[in-house]
Amino acid sequence: MATSPPSPGRRPNILFILSDQQRWDTLGCYGQTLPISPNLDRLASEGVLFEHAFTCQPVCGPCRSSLQSGLYPTATGCYINNRALPVDQPTVAKQMRAAGYTTAYIGKWHLAADEEHPYRTTAVPPERRGGFDDYWMGSDVLEFTSHGYEGFVFDRDGNRVDWEGYRVDAMTNFVLDYLRDYASSPTLNDKPFYMFASYIEPHHQNDLDRYIGPIGSKQRFASYPTPGDLAGTKGDWKKHYPDYLGCCWSLDQNVGRIRAQLELLGLWDNTLVIYTSDHGSHFRTRNGEYKRSCHEACLRVPLIMHGPGFAQARPRESSPQARPCSSSSLAGIAAGQKIDQLVSLIDLPATVLSAAGAEALPVMHGRPIQGLIDGSAKDWPREVFAQISESHIGRTVRTARWKYAVGVPLEVMKGTTAPGAERYVETFLYDLPADPHERNNLVADPALATVRGELAATLKRRMVAAGEAEPTIVPAAHEA
C-alpha cells in the first residue's frame, strides 16, 4: 500500500473509483498485453492487487445498491434496474458523514428512478442521493443524459451543468474541481473526504447500441489479442472491442490525472484509492446482451487498492448481525502485494467503513478486506456468491475450482419481476482450472453428481445468509 502513513490523528481521505462494465482482463496487471493501463498497473504495483475479485450482481443498478448499502440487492429491493434505493436505507455515505467525513458524488447514480419517480433525465432530489449530501455532480442514468462527447449532469442544487469533450475527461474535470476546492477551503479540508467517482465507460451507449471510445480508438487498438472466452464465437465483439479498449485506456489516463492532482495538492499520501467495476461484458456471446450471466466475463472485475486506511472500525453493538471489522494497520505491508483469495464487491462497503474507523452498518453481508491484507482473516469464505436478475432469475457460487449456477426456467419466469424463486434448476457447472474460458458445461455429467450436491448446499447456505428463503434445487439431469 502507500509508503507514507497518514498524519497522526488524521483519518484517510477515501476515493472510490467505479467504472462500468469493465472486464478484469483489460488491465496489464491482469495480463493485458496492450499498453492500456500504465497508471492502474503502477497503482497495483505500489498497492494491492486482488487477483480474483467478483461482482455480487452483474447488473448496473443492483450492484450499485450493494456498494452503497452493504447488502445483496434482494435485501434492498433493488434487484433489477429501475428500482430506487429506499430513502431510509442505511448507507455507507450516511455512516461516513456521521463519522465526520464530507461526502462527494460524481457521475452515474442509477439508484433514484423508479416507475413512480422517473429521474432518469432530471435532477435527483437530495433525499434520494444516499447520503452524498455535501457535493453532487451527477445524473441518475448518465447514459440517458449524455453521449460520448456531450451531455449534462446536475449539481447539488439541482441545476443542469452541460459539458463538452470526451465523457471520461469531463467527469474527471469535476473530480479535479472538487479536489482543488477541497484543498483550498478550510471549511472543507478540516474533515476527510469520501468521494465516489462513478464513470459510465466502458459501458455501451444504450440508444446507439455501441461502445464509444475516444476518437482514434478503432485505429489505436485495431490489433488486439482476442480474449480466450471470445475466440471463435459470434457475438459483436469484433466490431466493438477496439472502442471498448479505448474507453478503458481513457479511464486509465484519467486515473493518472487524478493521481497527479492529489500529489500536487499534497493529498496523495493520505488518500485511500479503490478502483473497481460493477461487472464485465461478454459481448453477446452468452445471451442476447452484454451481462446478466454467471460467466467470468461478467462476474470477474478488476480491484486495486492503494493508500492508507486500515484503522479499526466500530461495530454496532446494538446489532448482533453486524460484522466486527478487523483491526489492522499498514505497518509491514509491502507494496505490490497480490491477494489470491476470492473477494466480492459486497465486501467493499465494510472495507470503506473500516478504513475510516466509522461505525458499521446495522446489517452487512460482506466483511472488510483488510484482514486479507494483513493476514488476520483466517476464516475467509472459500467462495463468492452472486445474484442474477432481469434476463432470468439466477444464483451462482464460484470457488477456486468450480463455477456452479442455477436458474428459473424462462417459461416459469415469464411475466414476473420476482426477486427470487422457491425452485431452481441447475444450469451451469464449469471446472475452471481445466476450462478457464467456460466452454464445457458439465452440469449434466453424472460423474459430478456429488460435486454438484456439495455446491448446491453451499449455494443454499449463501442464499439464506443473504436473507433469501432456502430453495429447492433440481438437478439438471432430472430436467433432461
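Higher on the page you've got the structure.
Structural notes, computed from the coordinates.

Criteria and thresholds
- Residues numbered from 1 in each chain as written.
- Predicted model: local features only at pLDDT ≥ 70, side-chain atom pairs only at ≥ 80, totals over all residues.
- Heavy atoms only, no water.
- Pairing = 2+ DSSP bridges.
- Helix = DSSP H or I, 4+ residues; strand = E, 2+ residues; numbered from the N terminus.
- Axes fitted to C-alpha atoms, helices over the stretch in contact; angles between N-to-C directions.
- Contact = heavy atoms within 4.5 Å.
- Phe/Tyr/Trp six-rings, centres within 6.5 Å; stacked < 30°, edge-to-face > 60°.
- Buried < 20%, exposed > 50% of the residue type's maximum accessible area, 1.4 Å probe, protein only.
- Lys NZ or Arg CZ within 6 Å of the ring centre and 35° of its normal.
- Parallel < 35°, antiparallel > 145°, perpendicular 65-115°, else oblique.
- Nonpolar A, V, L, I, M, F, W, Y, C, P; charged D, E, K, R; others polar.

Some points on the sheet that holds strand β17 (residues 472–474)
With respect to topology, five strands assemble into an open sheet ordered β13-β14-β15-β16-β17, the strand pairing being mixed. Of all strands in the sheet, those bounded by a partner on one side alone are β13 (383–388) and β17. Each adjacent strand pair in this sheet contributes to an overall mean axis angle of 25°, direction not counted. Inspection of the sheet shows strand β14 (residues 394–399) paired to strand β15 (residues 402–407) by five bridges, in the antiparallel sense. Directly across from Gly394, in β15, lies its bridge partner Gly407. Helix α14 (residues 449–465) rests against β13, β14, β15, β16 (423–431) and β17 of the sheet, and its axis sits at about 115° to β14.

What about the packing of aromatic side chains?
According to the stated counting rule, one finds 25 aromatic pairs in the structure shown. On the basis of an interplanar angle of 10° and a centroid distance of 4.5 Å, the ring pair of Phe16 and Phe196 is categorised as stacked. Pair noted here: Phe16 is in strand β1 (residues 13–19) and Phe196 is in strand β8 (residues 193–198), with a separation of 180 residues, a long-range link. Across the pair, Phe196 and Phe16 agree in class, each one buried. Considering the side-chain rings of Tyr241 and Phe283, the 5.5 Å spacing of their centres and the 70° angle between planes classify their relative orientation as edge-to-face. Residue Tyr241 is found in helix α9 (residues 237–264), and its partner Phe283 is found in the loop between β9 (271–277) and α10 (296–299); the two are separated by 42 residues along the sequence. Taking relative accessible area as the criterion, Tyr241 reaches 1% and is therefore assigned buried. Overall, Phe283 belongs to the buried group, its relative accessible area being 0%. One aromatic cluster is present, formed by Phe16, Tyr105, Trp109, Phe132, Trp136, Tyr194 and Phe196 through successive ring pairs. Note that Arg220 overlies the ring of Trp249, its terminal NZ or CZ placed 4.2 Å from the centroid.

Some words on the packing of helix α1 (residues 38–46) against α9
At their nearest, the axes of α1 and α9 sit 7 Å apart, and the two run at 60° to each other. Considering their axes alone, α1 and α9 lie oblique with respect to each other. Between α1 and α9, the contacting residues are Pro38, Asn39, Leu40, Arg42, Leu43 and Glu46 on the first element and Asp252, Gln253, Val255, Gly256, Arg259 and Glu263 on the second. Looking at the contact of α1 with α9 residue by residue, the class counts come to four nonpolar, three polar and five charged.

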